[in-house]
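Here's the letter readout for the chains.
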Amino acid sequence: MAVWDDLVGQERVQEQLAAAARDADALVTAQAAGEDPPAASRMTHAWLFTGPPGSGRSTAARAFAAALQCTSPDRALGGAPGCGFCDGCHTSLVGTHADVEVVRTDMLSIGVKETRDLVRRAQLSPAVGRWQVIVLEDADRLTEGAGNVLLKAVEEPAPRTVWLLCAPSLEDVLPTIRSRCRHLSLRTPSVEAVADVLTRRDGIDPGAAAFAARATQGHIGRARRLATDEAARARRATVLKLPLRVEDVGGCLRAAQELIDAAAEDARQVSEEIDAKEAEDLKTALGAAAGGRMPRGTAGAMRELEDKQKRRRTRTQRDSLDLALTDLTAFYRDVLALQLGSRVALANEDVRDALDRVARGSSPEGTLRRMEAVLACREALDTNVAPLLAVEAMTMALRTG
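First, a word on what this report is: a plain description of the structure on this page.

Reading the values: the criteria
- Residues numbered from 1 in each chain as written.
- Predicted model: local features only at pLDDT ≥ 70, side-chain atom pairs only at ≥ 80, totals over all residues.
- Heavy atoms only, no water.
- Helix = DSSP H or I, 4+ residues; strand = E, 2+ residues; numbered from the N terminus.
- Rg over C-alpha atoms; globule rule 2.2 N^0.38 Å.
- Buried < 20%, exposed > 50% of the residue type's maximum accessible area, 1.4 Å probe, protein only.
- Pairing = 2+ DSSP bridges.
- Right-handed = clockwise from strand over helix to strand, strands pointing away.
- Contact = heavy atoms within 4.5 Å.
- 1 Å grid on protein atoms, 1.4 Å probe; cavity = no way out; pocket = protein on both sides within 12 Å on 5 of 7 lines; lining within 4 Å.
- Points joined across faces, edges and corners; volume = space filled by probe spheres on them.
- Nonpolar A, V, L, I, M, F, W, Y, C, P; charged D, E, K, R; others polar.
- Axes fitted to C-alpha atoms, helices over the stretch in contact; angles between N-to-C directions.
- Parallel < 35°, antiparallel > 145°, perpendicular 65-115°, else oblique.
- Left-handed = near helix turned anticlockwise from the far one by under 90°.

The next point concerns the overall build of the chain. Counting its regular elements, the chain contains 15 helices and 5 strands. Its C-alpha atoms give the chain a radius of gyration of 24 Å, within 12% of the compact-globule value 21 Å for 401 residues. Projecting the C-alpha coordinates of the chain onto the three principal axes gives extents of approximately 75 × 65 × 40 Å. Classification of the 401 residues of the chain by burial places 43% in the buried group.

As structure tokens, then:
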């Protein structure tokens, strides 16, 4: 299995990365032999992967990192790097390669301190691999100060260091950084391609795979979760009932509260076990005595951990809420398609009765205003508006249309 097999529906991007990996391999091989490097190369020190959620930005970056570390003997016979079986490919893909650092955050942002640590690592020579690779999956979450710290490293990289940055769009990255990166734009894979990979790789029933791929509009991560997690399907079903529950003010407020409560419960379930383990590990590291009594001077460390966990719960809750709003947008998109007589495939065919009911009871102009209300709610959440206030304002707007 080649490293590119998980990259669904991105043939053009795959070709560019495979070509760059071949040139990178030739460059390292020439340097090891004391020869002059190739005159022309499609390899560069910094890459920026952009695309909508679910397009496979981080998958492409990790696959490229694995291809750069490939040690397959077939390369000497003309084989392409990225076999997927050698130690370099395998350890890169599973996250244990000493020279591949994959950075993802479960916080609201990536700060200056974390970025400085990355920059220091990027100055090191590869320990066991062919390149020092830094994969920054959430480059859009860099604070302005962190972005300025990263800029210097991208401007003057170490000879064998490669930065792989991932973000939803070019606008999510500082202009000074994106101007120094080679840009690759990924697209949302087709529903058929996502259903096929879920069936072929994950062993999911074809019918369930097709339903999940259609319902998530080609987002492979969400599709896999929807096909395998009963709780995820139940949460989606609850969200899709919301347009029928906003007929009066009381219904709007109740629906908003339930949406917030569901997101908070998601965050609690995700964080509870992790938080407890982190607290126990820190207490052990700080030398807690039997019975849990902490040594003097360690209260600050515990408060710092609690603050970190609180920020992570906030991020998880907002991610869960954003996912619900994405499903709600897809519902109104289907309503608009029915109102305009479009032949586009419906994402929520399983709730066709609800779609028909809302479509008959409103106009296309009203549906567009409702979609704008959902978008306004997402933007308000991004600017740290209190979630309940933002969602209540949205549900009231959904009522009036």
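Right, let's talk about the pairing of strand E2 (residues 100–103) for a bit. Sheet topology places E2 next to strand E3 (residues 132–136); 4 bridges connect them, and they run parallel. Note on E3: the bridge partner recorded for Val 103 is Leu 136. As for the winding sense of the linkage, the β-α-β connection from E2 through helix H4 (residues 112–122) to E3 is right-handed.

Attention shifts here to the environment of Arg 369. Inspection of the secondary structure assignment puts Arg 369 in helix H14 (residues 364–382). C-alpha of Arg 369 to C-alpha of Leu 136: the two residues are 233 residues apart in sequence and 36 Å apart in space.

Here we take up the environment of Ala 267. Residue placement: Ala 267 occurs in helix H11 (residues 249–285). With near-sequence residues (within four places) excluded, Ala 267 lies in contact with Arg 313, Thr 316 and Gln 317.

It is worth spelling out empty space enclosed by the protein at this point. Counted by the stated rule, this structure contains 1 cavity of 30 Å³ or more. In this model, the largest cavity occupies a volume close to 40 Å³. Around the largest cavity sit Asp 6, Val 8, Gly 54, Ser 55, Gly 56, Thr 59, Pro 189 and Ile 220, which together line it. Across the lining of the largest cavity, the residue classes tally to 3 nonpolar, 4 polar and 1 charged.

Time to look at the packing of helix H2 (residues 57–68) against helix H3 (residues 87–94). Running from N to C, H2 and H3 cross one another at 155°; their axes reach a closest spacing of 8 Å. The angle between the axes of H2 and H3 places the two elements in the roughly antiparallel class. H2 and H3 meet at a crossing whose hand is right-handed. Along its contact with H2, which presents Arg 62, Ala 63, Ala 65 and Ala 66, the element H3 presents Cys 89, Ser 92 and Leu 93. Its residues placed into classes, the contact of H2 with H3 shows 5 nonpolar, 1 polar and 1 charged.

Time to look at the environment of Ala 262. Checked against the element boundaries, Ala 262 lands in helix H11. Its relative accessible area of 33% is what places Ala 262 among the partly exposed residues. When the C-alpha atoms of Ala 262 and Ser 55 are compared, they prove to be 26 Å apart, with 207 residues separating the residues in sequence.

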